[in-house]
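Listed below are the residues making up each chain.
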Amino acid sequence: TGWPTRVWIPDNDEVWRPAEITADYKTGDNVLHLLLEDGTELDYPVDPKALPPLRNPDILVGENDLTALSYLHEPAVLHNLKVRFVESRLIYTYSGIILVAMNPYKQLPIYGDAIIHAYSGQNMGDMDPHIFAVAEEAYKQMARNNKNQSIIVSGESGAGKTVSARYAMRYFATVSRSTSNAQVEDKVLASNPITEAVGNAKTTPVSFHCIFSENERNYHIFYQLCSSARRPEFKHLKLASAEEFNYTNMGGNSVIEGVDDRANMIETQRTFCLLGLKEDFQMDVFKILAAILHLGNVEIIAVGDERSSVSQDDKHLSIFCELLDLESNKMARWLCHRKIITSSETVVKPMTKPQALNARDALAKKIYSHLFSFIVGRINKALQFSGKQHTFIGVLDIYGFETFDMNSFEQFCINYANEKLQQQFNLHVFKLEQEEYMKENIPWTLIDFYDNQPVIDLIEAKMGILDLLDEECLLPQGTDENWLQKLYNNFINKNPLFEKPRMSNSSFIIQHFADKVEYKSEGFLEKNRDTVYEDLIEILKNSKFQLCANFFQDNPIPISPFSSTIQVKSAKIVIKSPNKQFRTTVGNKIVKILNSYTPIDDFEKRVAPSFVRKVQAMLNNRENSTLLMLDTKYLFQVTFPFTTSPHALEAIQIPSSFKLGFLTRI
């Protein structure tokens, strides 16, 4: 009787396939009689306790807000996005307070000034979903309520996060230009090509997101510089094509289709000039970038199993030292040796080839880190204005949760950062919204939601994973194996979020908010140390190239023009190591940064967040295909800002219920 019951069933090729139930199902039956869309009849085995998810009525399919759907589950969300994207070419969909954005892999005519003005002054929800609607809401709240705002853009590599962040910035510049001097807004837009060149890389989804690892490409600025190597003003940098440098050829693909690195270099230089950063400043920056590339080509030679050396005749060493005005004989020696200072003596110890390679690459990363901070500092200075700063809008472009076949320290750090952002999201969506209901005396039953504080504690608390890692890094004979054994001893059968893999003695598993992830312990200590030995730092301190020398002084001047007005409160006391080489491990710095604005309640009082989730649509032939394929590993990423978690659906349920409508239960 009535309309046939329609369901979704899993499919290896299409992820989910629609079907109709053709015979009444009786409680306890182990088979469903189904009719597929192609006319195939199927006796489908089922578990009576886990029946296939129901399909939404056709009238609801294509809704611009996922919370309007009758049934909220994985196939319903994917199908709704597919219908909007494939049939209507609509890339934006709301999920309550979240904006889900599909990457169409082409420019769309929906970002012009006319569109910006159409969204300006409108309430979120009055018009079609759009990044401009999110930007307008943040701008309006900042102006009306005098409260700082943040827009958090997340997604995997290639999902289009940076483009979304760029459109948000363009929106702010355009709408504020009508009420203020346009000069500052123009400079903000001009800073985009620079920050993207020095801060962005084209990476594959399995990359480690760290400079000088096997990414598809390194930072864009290196390729822009190499592509311009033959220009007369760059000849003294002694550069060549990107394929000839280790730091730019690791991914095996130095060219991006449709990207003209030479033209982009000219654009980068032009925007430097727009910000008042003239030729002398630019050439200093390019000298340091070229020096980094040459450093990566310095050959470390193994001398037996325990020693290594660098030839003083090494061409790239000579160019590196020439560009930075360093003593090449000292650099050759201290790339392969280090001092160990005890209470009674100083010992010079040779390094193995792998140790020397790590020291070389750590130095390259250290120089680049200083250069990046320097450039950002100069951009901030160029953006300063004479008026008083009242409030701000922050746009955060961040990688989403990651889990690959092989996960290492980089994924661990990214996932830890995402846990902290997830906690912020949980607090905003669940806790504060419910408190608002209680404050307004609206009848309301408090809803329990998943709290990821236990996994954060596992990672960052005293005697947690990072604390034990830092402790092992301090030991002269510390090893990945010893650290892993400490994790096993401390957490197996004692913490339900930590596991040892059955088939491995070199890995550990963490039950993150999003998913279980297995991490290989190999390399954790070396990557956490990211050791730049003091002997190399001393050489750079004494550089006759003033900019390089300034990078490594003991008391650098703060680079942010806002440092005097923003008070940062550390959530935890950080114990400094007496050993200079290890005093700032990567893990230690990440914990400090992520806890700078805690407690979260305090952050929430000062900054109101908005969330944008970028999704990478994988289309067959992209342009002409009618079939939307989403990798099964990322199914849930379309419904939640940071994770692939089954808890993701809570985020849709809660905003739905906040409309005081019916709460959808799954």
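Keep in mind it's a predicted model, so treat the numbers as computed, not measured. (Residues numbered from 1 in each chain as written. Predicted model: local features only at pLDDT ≥ 70, side-chain atom pairs only at ≥ 80, totals over all residues. Heavy atoms only, no water.)

**Considerations on the overall build of the protein**
Here is the rule we go by: Runs of H or I in DSSP of at least four residues are treated as helices and runs of E of at least two as strands, each being numbered from the N terminus. A simple rule labels every residue: compare its accessible area, found with a 1.4 Å probe on the protein chains alone, to the largest value its type can have, and call it buried under 20%, exposed over 50%, or partly exposed in between. In what follows, residue pairs with any heavy atoms lying within 4.5 Å of each other are defined as contacts. Accessibility throughout is a Shrake-Rupley quantity obtained with a 1.4 Å probe, and a residue counts as covered only by protein chains that appear here.
Helix and strand counts for the protein come out as 22 helices and 18 strands. By the burial criterion, 50% of the 666 residues in the protein qualify as buried. Pairs at least 24 residues apart make up 63% of the contacts formed inside the protein by residues separated by at least 6 positions. Carbon and sulfur atoms form 51% of the exposed surface of the protein, whose accessible area is close to 32,800 Å².

**Overview of the UniProt feature "binding site: ATP" (unreviewed entry) in the protein**
To be explicit about the condition: UniProt positions are given in the numbering used here, feature names are shortened, and annotations may be inferred rather than shown by experiment.
Per the UniProt record, "binding site: ATP" (unreviewed entry) is found at Gly155, Glu156, Ser157, Gly158, Ala159, Gly160, Lys161 and Thr162. Among the structural elements, Ala159 can be located in the loop between β7 (148-155) and α4 (161-177). For Ala159, a relative accessible area of 0% puts it in the buried group. Position of Thr162 relative to the elements: it lies in helix α4. Assessed through its relative accessible area of 21%, Thr162 is described here as partly exposed. If we ignore the near neighbours within four places in the chain, the residues touching Thr162 are Glu196, Asn200 and Asp397.

**A few points about the sheet that holds strand β14 (residues 507-511)**
How we decide: When DSSP locates at least two bridges between a pair of strands, those strands are taken to pair. Comment: axis = line fitted to C-alpha atoms, over the contacting stretch for helices; angle = value between 0 and 180 degrees taken between N-to-C directions.
Sheet architecture is open: three strands sit in the order β13-β14-β15, paired in antiparallel fashion. A single partner strand is all that each edge strand has here, and the edge strands are β13 (498-499) and β15 (516-520). Strands β13 and β14 of the sheet are contacted by helix α16 (residues 480-491), whose axis makes an angle of about 45 degrees with β14.

**Examining the packing of aromatic side chains**
What counts here: Put simply, two rings from Phe, Tyr or Trp (the six-membered ring, in Trp's case) pair if the centres are within 6.5 Å, and we call them stacked under 30 degrees between planes, edge-to-face over 60, tilted for the rest.
Counted by the stated rule, this structure contains 21 aromatic pairs. Centre to centre, the rings of Tyr111 and Tyr167 are 3.7 Å apart; their planes meet at 5 degrees, and the pair counts as stacked. With Tyr111 in the loop between β6 (98-103) and α2 (113-119) and Tyr167 in helix α4, this pair connects stretches of sequence that are 56 residues apart. Each member of the pair Tyr111 and Tyr167 is classed as buried. When the centroid spacing of 5.8 Å and the interplanar angle of 65 degrees are considered together, the rings of Phe508 and Phe524 count as edge-to-face. Of this pair, Phe508 sits in strand β14 while Phe524 sits in helix α17 (residues 524-529), placing them 16 residues apart in sequence. On the accessibility criterion, Phe508 (0% relative accessible area) is buried. Classification of Phe524 as buried rests on a relative accessible area of 0%.

**Quick notes on helix α10 (residues 315-324)**
Here is the rule we go by: For this analysis, a polar contact is any N or O atom pair within 3.5 Å, provided that within protein one partner can donate a hydrogen and the other can accept it, and provided that sequence-adjacent residues contribute only side-chain to side-chain pairs.
Across the ten residues of α10, seven count as buried, placing the element largely inside the fold. Buried within α10 we find His316, Leu317, Ile319, Phe320, Cys321, Leu323 and Leu324. Elements in contact with the buried residues of α10: α9 (279-296), α11 (328-334), α12 (353-383), α18 (534-541) and α19 (546-551). Capping of α10 at its N-terminal end is provided by Asp314; its side-chain oxygen lies 2.9 Å from the backbone amide nitrogen of His316. Once α10 ends, the next one or two residues include Asp325, with phi positive near 55 degrees.

**Observations regarding the environment of Arg55**
Its place among the elements puts Arg55 in the loop between β4 (41-45) and α1 (74-87). C-alpha separation for the pair Arg55 and Glu20, spaced 35 residues apart in sequence, amounts to 9.4 Å. Beyond its immediate chain neighbours, meaning those up to four positions away, Arg55 contacts Arg6, Val7, Trp8, Pro18, Ala19, Glu37 and Tyr71.

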